[in-house]
Amino acid sequence: GWRLEAIWNFRDGRSDSSGKMPSWNTLDLNASKTFRIKKFCELDLTMTARNITDFRYEISSGYPMPGWGLYGGIAVRL
């Protein structure tokens, strides 16, 4: 079956050279599944949705991080 995973990232109490930074949190979702193609190989299909709430935050003052993103990949094992 499919493997599902949710990751909540929370940051609080941070500061940089400009002073205290606002708190922020994001939510990521991962889904993956392995497919076997007879005895030839296995395919791992993965999809990741990062920052699905599209929360706007900064790691350092004045440098905003990107909003949400969708990533995918295929790995082949012989």
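Residues numbered from 1 in each chain as written. Predicted model: local features only at pLDDT ≥ 70, side-chain atom pairs only at ≥ 80, totals over all residues. Heavy atoms only, no water.

## Brief notes about the pairing of strand E4 (residues 24-37)
Then comes step 1: Relative to E4, strand E1 (residues 3-11) runs antiparallel, the two being bridged by nine bridges. Bridging from a neighbouring strand, Arg3 pairs with Ser32 of E4.
Then comes step 2: Relative to strand E5 (residues 41-50), E4 is paired through nine bridges, and the arrangement is antiparallel. Bridge pairing in E5 links Asn30 to Thr48. (Pairing = 2+ DSSP bridges. Helix = DSSP H or I, 4+ residues; strand = E, 2+ residues; numbered from the N terminus.)

## Points about the side chain of Thr48
Then comes step 1: Tracing the backbone shows Thr48 in strand E5.
Then comes step 2: A polar contact is formed between the side chain of Thr48 and the side chain of Asn30, at a distance of 3.1 Å.
Then comes step 3: If we skip the residues at most four places from it in the chain, Thr48 touches Leu29, Asn30, Gly69, Leu70 and Tyr71. (Polar contact = N/O pair within 3.5 Å; in protein donor to acceptor, adjacent residues only side chain to side chain. Contact = heavy atoms within 4.5 Å.)

## Overview of the sheet that holds E1
Then comes step 1: Sheet architecture is open: four strands sit in the order E1-E4-E5-E8, paired in antiparallel fashion. Looking at which strands have only one partner, the edges of the open sheet turn out to be E1 and strand E8 (69-77). Each strand axis lies, on average, 15 degrees off the axis of its neighbour in the sheet, ignoring direction. (Axes fitted to C-alpha atoms, helices over the stretch in contact; angles between N-to-C directions.)

## A closer look at the packing of aromatic side chains
Then comes step 1: Under the counting rule described, the total for this entry stands at two aromatic pairs.
Then comes step 2: Seen in terms of ring centroids, Trp24 and Tyr57 are 3.9 Å apart; in terms of plane orientation they differ by 20 degrees. Their pairing is stacked. In this pair, Trp24 sits in strand E4 while Tyr57 sits in the loop between E5 and strand E6 (58-60), placing the two residues 33 residues apart along the sequence. Summarising the burial analysis for this pair, Trp24 and Tyr57 share the class buried.
Then comes step 3: The ring of Tyr71 has Arg50 sitting right over it, with the charged end atom 5.6 Å from the ring centre. (Phe/Tyr/Trp six-rings, centres within 6.5 Å; stacked < 30°, edge-to-face > 60°. Buried < 20%, exposed > 50% of the residue type's maximum accessible area, 1.4 Å probe, protein only. Lys NZ or Arg CZ within 6 Å of the ring centre and 35° of its normal.)

## Here's the deal with the side chain of Glu42
Then comes step 1: Positionally, Glu42 belongs in strand E5.
Then comes step 2: Side chain to side chain, Glu42 and Arg36 meet in a polar contact 2.9 Å long.
Then comes step 3: One polar contact links Glu42 to Arg77, side chain to side chain, over a distance of 2.7 Å.

## What about a nonpolar patch on the surface?
Then comes step 1: Taken together, the side chains of Ile37, Phe40, Ile74, Val76 and Leu78 make up a nonpolar region of the molecular surface, amounting to roughly 600 Å² of accessible area.
Then comes step 2: According to the relative accessible area criterion, Ile37 is partly exposed, its value standing at 37%. (Patch = residues over 30% accessible without salt bridge, like charges linked within 9 Å, V, L, I, M, F, W, Y side chains within 5 Å. Areas by Shrake-Rupley, 256 points an atom, 1.4 Å probe, with all protein chains shown as cover. Salt bridge = Lys/Arg side-chain N within 4 Å of Asp/Glu carboxyl O.)

## Regarding the environment of Thr48
Then comes step 1: Here Thr48 falls in the buried class, since its relative accessible area comes to 15%.
Then comes step 2: The spatial distance from the C-alpha of Thr48 to the C-alpha of Arg77 is 20 Å, given a sequence separation of 29 residues.

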